[in-house]
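# Fold and contact review
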Amino acid sequence: MKLICPICGGIASAEAWENDPAARSCLELAVKLPAIVQPYVLQYLGLFRKSARQGLAWSRALRIMRGLVDLVDAGSVQWEGGETRPASPPVWAAALQATLKRGPKGLDNHNYLRRTCWEMAAGEAAKAERAVEEGRRQNTEDRGQKAEDRLEPASEEDLAEMQKMMKQFFDRFGR
């Protein structure tokens, strides 16, 4: 049985692809990616072909796939010295979709995808910042309570113990 890759146009038997360690590893990595990202992975690999007539070697596809897995697993993205922004799998999926829609050909690295994801992650970063600010605001409001509202009154035993300690202190060091 011969299989034709719809992305790269490569033709081989199913057994050949199964027996190629790089092909097997590449596909194993693809299924380890979050489910929301998986539908775009093979098409994304196709963007790394140098020309429409030239296939993508499995060894190169494996390097690309490892880089993609590292990016998605990091949970954040940074671009050109800018702030590091949170990047969840849905943001990576949207970035992959946008990259595929624009269709740049002959990519050498993941920079195009990283930039796209970084731009899309701005909304997620703003949401995270709002959550931090809300937490700070809540904490400030908690600290704004009157001290007597936050503390329980001392018991009679505690008061007696404090008086005893104060007497010992003043007897020892004088008044």
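Quick look at the structure, then. (Residues numbered from 1 in each chain as written. Predicted model: local features only at pLDDT ≥ 70, side-chain atom pairs only at ≥ 80, totals over all residues. Heavy atoms only, no water.)

### With respect to the nonpolar core
Counting residues in each nonpolar core, the largest one holds 35 residues, and the members touching the most others are Leu33, Tyr44, Met65, Leu68 and Trp92. Sort the elements by how many residues they give to this core and helix H4 (residues 58–74) lands first, with eight residues. Setting aside chain neighbours within four positions, we find Trp92 in contact with Val37, Leu71, Val72, Ser76, Val77, Ala87, Leu113 and Cys117. (Core = buried A, V, L, I, M, F, W, Y, C linked by side-chain atoms within 4.5 Å. Buried < 20%, exposed > 50% of the residue type's maximum accessible area, 1.4 Å probe, protein only. Helix = DSSP H or I, 4+ residues; strand = E, 2+ residues; numbered from the N terminus. Contact = heavy atoms within 4.5 Å.)

### Some thoughts on a negative patch on the surface
Residues Glu156, Glu157, Asp158 and Glu161 make up a contiguous surface patch of negative charge. In this fold, Glu157 is placed in helix H8 (residues 156–173). Taking relative accessible area as the criterion, Glu157 reaches 66% and is therefore assigned exposed. (Patch = residues over 30% accessible without salt bridge, like charges linked within 9 Å, V, L, I, M, F, W, Y side chains within 5 Å. Areas by Shrake-Rupley, 256 points an atom, 1.4 Å probe, with all protein chains shown as cover. Salt bridge = Lys/Arg side-chain N within 4 Å of Asp/Glu carboxyl O. Lys, Arg positive; Asp, Glu negative; His and termini not counted. Charge placed at Lys NZ, Arg CZ, Asp CG, Glu CD.)

### Section: the packing of aromatic side chains
Applying the stated rule across the entire model yields one aromatic pair. A centroid spacing of 5.2 Å and a plane angle of 85 degrees characterise the contact between Tyr44 and Phe48, whose relative ring orientation is edge-to-face. One exposure class covers both Tyr44 and Phe48, and it is buried. Directly above the ring of Trp118 sits Arg85, whose terminal nitrogen or CZ lies 3.6 Å from the centroid. The ring centre of Tyr112 lies 5.1 Å from the NZ or CZ of Arg115, which sits over that ring. (Phe/Tyr/Trp six-rings, centres within 6.5 Å; stacked < 30°, edge-to-face > 60°. Lys NZ or Arg CZ within 6 Å of the ring centre and 35° of its normal.)

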